[in-house]
Structures are given as structure tokens and as C-alpha cells.
Amino acid sequence: MAKEITDIAVEGMSCSHCENSVKKAVGALDGVDKVSVDLANKKVTVEFDPEKVSGKAIMDAIEDQGYDVIK
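A brief look at the structure comes next. (Residues numbered from 1 in each chain as written. Predicted model: local features only at pLDDT ≥ 70, side-chain atom pairs only at ≥ 80, totals over all residues. Heavy atoms only, no water.)

Some details on the packing of helix α1 (residues 16-27) against helix α2 (residues 55-64)
So, point 1. Look at α1 against α2: their axes get within 9 Å of each other, and the N-to-C directions meet at 140°. When the axis of α1 is compared with that of α2, the two are oblique. Our pair here, α1 against α2, has a crossing hand that is right-handed. Note on element contacts: α2 touches α1 through Ile58, Ala61 and Ile62, opposite Val22, Ala25 and Val26.
So, point 2. Considered class by class, the residues forming the contact of α1 with α2 number six nonpolar, no polar and no charged. (Axes fitted to C-alpha atoms, helices over the stretch in contact; angles between N-to-C directions. Helix = DSSP H or I, 4+ residues; strand = E, 2+ residues; numbered from the N terminus. Parallel < 35°, antiparallel > 145°, perpendicular 65-115°, else oblique. Left-handed = near helix turned anticlockwise from the far one by under 90°. Contact = heavy atoms within 4.5 Å. Nonpolar A, V, L, I, M, F, W, Y, C, P; charged D, E, K, R; others polar.)

Encoded structure:
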């Protein structure tokens, strides 16, 4: 059960509300262990179990909150 850490570039986050909504949405996914948001660098870092959740599902959760994932 190897964990993966990925950095996702995200546009549109500007305040603590943005940070909290992304953390809550991504953190609710089964298999996600840790979520951190860096507003200054427009980056979300996620530690997750790839056997339980995909990178696409994580990106979809961010986009569902109204933010743009830079691919």
C-alpha cells in the first residue's frame, strides 16, 4: 500500500474560504490522507493511496468546487 504525493496547480483560489473548500472536498475522498493548499503558489498537495483514489478523481473534486486545475 504505497502512498503517493502529487502537486496540482490550481487557478482561482484566493482566500481561506477557497482553501477550506478544497481541503474539505479532497479530504472527503476515500484514500486521501493529507491535503495542503498553498494559495501564494496556487498549488494543492495531496498525499493519497492510488489503489483507493485516482489523480483524476482528486482533480475532479477540486474542479467541482469551482476552481480550474491546470493540466
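Some thoughts on the sheet that holds strand β3 (residues 43-48)
So, point 1. Strands sit in the order β2-β3-β1-β4 across an open sheet of four strands; the sheet is antiparallel. Taken across any chain shown, the strands that pair with only one partner, and hence form the sheet edges, are β2 (32-38) and β4 (68-70). For this sheet the average axis-to-axis angle between neighbouring strands, irrespective of direction, equals 35°.
So, point 2. Judged from the three bridges that link them, strand β1 (residues 4-11) and β4 form a sheet pairing that is antiparallel. Counted as the bridge partner of alanine 9 is isoleucine 70 from β4.
So, point 3. With respect to the sheet, α1 is in contact with β2 and β3, its orientation differing from that of β2 by roughly 165°.
So, point 4. α2 rests against β1, β2, β3 and β4 of the sheet, and its axis sits at about 30° to β1. (Pairing = 2+ DSSP bridges.)

Description of the side chain of serine 21
So, point 1. Its place among the elements puts serine 21 in helix α1.
So, point 2. Since its relative accessible area comes to 14%, serine 21 is described here as buried.
So, point 3. In this structure the side chain of serine 21 is engaged in a polar contact, spanning 3.0 Å, whose partner is the backbone oxygen of cysteine 18.
So, point 4. Once residues lying within four places of it in the same chain are set aside, the contact partners of serine 21 are Gln65 and Tyr67. (Buried < 20%, exposed > 50% of the residue type's maximum accessible area, 1.4 Å probe, protein only. Polar contact = N/O pair within 3.5 Å; in protein donor to acceptor, adjacent residues only side chain to side chain.)

Details of the nonpolar core
So, point 1. Counting residues in each nonpolar core, the largest one holds 18 residues, and the members touching the most others are Val26, Val44, Ile58 and Ile62.
So, point 2. Going through the elements one at a time, β1, α1, β2, β3 and α2 are the ones with two or more residues in this core.
So, point 3. Ignoring anything within four residues of it in the chain, the contact list for isoleucine 62 reads Ile8, Val10, Val22, Val26, Val44, Tyr67 and Val69. (Core = buried A, V, L, I, M, F, W, Y, C linked by side-chain atoms within 4.5 Å.)

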